[in-house]
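What follows is each chain in one-letter form.
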Amino acid sequence: MVTATKAGRSGADRDARPGATEGRRSRGGMRESGVDRIFMIVVYLLLLTFLAVVVVPLLYILASSFSDPNAVSSGRVLLWPVDFTLRGYQVTLADPQVLSGFANSVFYTVVGTLISVTLTVAIAYPLSRTDFVGGGVITRLVVFTMLFAGGVIPTYLVVQSLGMLDTRWALLLPQAVGVWQVIIARTYFRYSIPIELVEAAEMDGASDLRVLWSIVLPLAKPMLAVIALMYAIAQWNSYFDALLYLKSDDLYPLQLILRNILILNQDGGGLGATEALERQQLADLLRYSLIVVSTVPVLLIYPFVARYFSKGIMIGAVKG
């Protein structure tokens, strides 16, 4: 009887222990869930703070661009237009210098992006092939240029010696290839394109260019969209190269014209009125209108490639 009783107690203890363990796990899980919940609340608060830091200035610029010049100059505009008017956009779009700068920026962005993506693929694909002799050495040399550059003066002398000063090529070729984009493309080609497809195409007699055009590039659309977006935004927002290499007003991109208005306080030909006060008020309004005009194209392009961005930017993060 004693033995049976001890056996019963030990069995009951064994039966009770899993339940107690599950209870402890459950309570531990509740504590972990509480910590996770607090963590997510903090994350959302930080994201909302960052969103406000980004959105509030944009709303202020947008509201100012649709407000009366007097309200803008007097500081009465916050996040909503005051005395709604389209005068800023009418004057901006009627100015030939602004229209010429906008057309030049579109040309530099489209042509420059095509050149940059083409050259990036031409560099990255051979470096991604394991059978490419000397690929490791060339990759190290390419990365070296990301850490150490010649500087502004040597680059200017190179552009001058090539006869590209005051030409469109000065904005298209010197900064055509980005090392970071080459690394992204090389990693994608090496780890995201099945090598079996390449080998099968080569066994069927396809050349390297045929493999690149018919197999690799169609499978690399997410990566191509990412680097194209990077190059396009950089080209659209660039003004320093134009400031260095261009002298003709008809070659100026929109960003350089915007810089002249924002920093040098130039209101451009035909933009101002005769009185100094009205001209200054109009110049203040034109700043915000030009910012909106120069920002809209990027905002229109981004939604079309945003779905590829997270997929393309994380290539090579997980192998296998």
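What counts and what doesn't
Residues numbered from 1 in each chain as written. Predicted model: local features only at pLDDT ≥ 70, side-chain atom pairs only at ≥ 80, totals over all residues. Heavy atoms only, no water. Helix = DSSP H or I, 4+ residues; strand = E, 2+ residues; numbered from the N terminus. Buried < 20%, exposed > 50% of the residue type's maximum accessible area, 1.4 Å probe, protein only. Expected span 1.5 Å × (residues − 1). Arc of directions from axis to C-beta. Contact = heavy atoms within 4.5 Å. Phe/Tyr/Trp six-rings, centres within 6.5 Å; stacked < 30°, edge-to-face > 60°. Lys NZ or Arg CZ within 6 Å of the ring centre and 35° of its normal. Axes fitted to C-alpha atoms, helices over the stretch in contact; angles between N-to-C directions. Parallel < 35°, antiparallel > 145°, perpendicular 65-115°, else oblique. Nonpolar A, V, L, I, M, F, W, Y, C, P; charged D, E, K, R; others polar. pLDDT = per-residue confidence, 0-100. Salt bridge = Lys/Arg side-chain N within 4 Å of Asp/Glu carboxyl O.

> What is the right way to look at the environment of Pro96 in this model?
Topologically, Pro96 is positioned in helix H4 (residues 96–128). On the basis of relative accessible area, Pro96 is assigned to the exposed category, the value being 59%. Taking the C-alpha atoms as reference points, Pro96 and Asp250, 154 residues apart in sequence, are found 9.8 Å from one another.

> Would you mind going over helix H11 (residues 221–237) with me for this structure?
Helical geometry: 3.6 residues make up each α-helical turn, so side chains three or four residues apart lie on a common side. Given a rise of 1.5 Å per residue, 17 residues ought to cover 24 Å, and the 24 Å separating the end C-alpha atoms of H11 matches this to within 8%. Counting buried residues along H11, 12 of its 17 residues qualify, which places the element largely inside the surrounding structure.

> Explain helix H5 (residues 135–147) here, please?
Taking 1.5 Å per residue as the helical rise, H5 with its 13 residues ought to reach 18 Å, and the 19 Å between its terminal C-alpha atoms agrees with that figure. Turning to H5, its buried residues number three or more, namely Gly135, Thr139 and Val142. Projected onto a plane normal to the axis of H5, the buried residues spread over an arc of 65° and lie on a single side. Residues of H5 that are exposed and point over 90 degrees away from its buried face: Val137, Arg140, Leu141 and Leu147. Those residues of H5 hidden inside the fold are in contact with H4 and helix H8 (179–191).

> What is the right way to look at the packing of aromatic side chains in this model?
In this description, a pair of aromatic rings is defined by centroid distance and the angle of the planes. Within the structure shown, the criterion is met by eight aromatic pairs. On the numbers, 5.7 Å between centres and 90° between planes, the contact of Tyr125 with Phe189 is edge-to-face. With a gap of 64 residues between them, Tyr125 in helix H4 and Phe189 in helix H8 connect regions that are remote in the sequence. Considered together, Tyr125 and Phe189 belong to a single accessibility category, that of buried residues. An aromatic cluster is defined as three or more aromatic residues linked by ring pairs; in this entry it consists of Phe66, Phe84 and Tyr89. The cationic tip of Arg168 hangs over the ring face of Phe107; the distance from NZ or CZ to the ring centre is 5.1 Å.

> What is the right way to read the packing of H8 against H11 from this model?
Between two packed helices, both the angle of their axes relative to each other and the distance between the axes serve to describe the pair. Running from amino to carboxyl end, H8 crosses H11 at an angle of 180°, the nearest separation of the two axes being 10 Å. Relative to H11, the element H8 lies roughly antiparallel. Side by side, H8 and H11 meet where Trp180, Gln181, Ile184, Ala185, Tyr188 and Phe189 of the first sit next to Pro222, Met223, Ile227, Met230 and Tyr231 of the second. In the contact of H8 with H11, the residues fall into 10 nonpolar, one polar and no charged.

> Please clarify how the confidence of the model for the protein chain should be interpreted in this entry.
Close inspection of predicted coordinates is inappropriate in any region flagged by low pLDDT. When pLDDT is averaged along the protein chain, the result is 80; 79% of the residues meet or exceed 70. This stretch, residues 266–274, has a pLDDT under 50; its non-local contacts, to residues over four places away or in other chains, come to 18 contacts.

> How should the pattern of salt bridges be read in this particular structure?
Any two side chains of opposite charge can pair if their charged atoms end up close together. Under the counting rule described, the total for this entry stands at two salt bridges. With a closest N to O distance of 3.2 Å, Arg129 and Asp131 form a salt bridge. With a relative accessible area of 14%, Arg129 lands in the buried category. The shortest N-O distance in the salt bridge between Glu202 and Arg129 comes to 2.7 Å. Separated by 73 residues along the polypeptide, Glu202 in helix H9 (residues 195–203) and Arg129 in the loop between H4 and H5 bring together distant segments of the chain.

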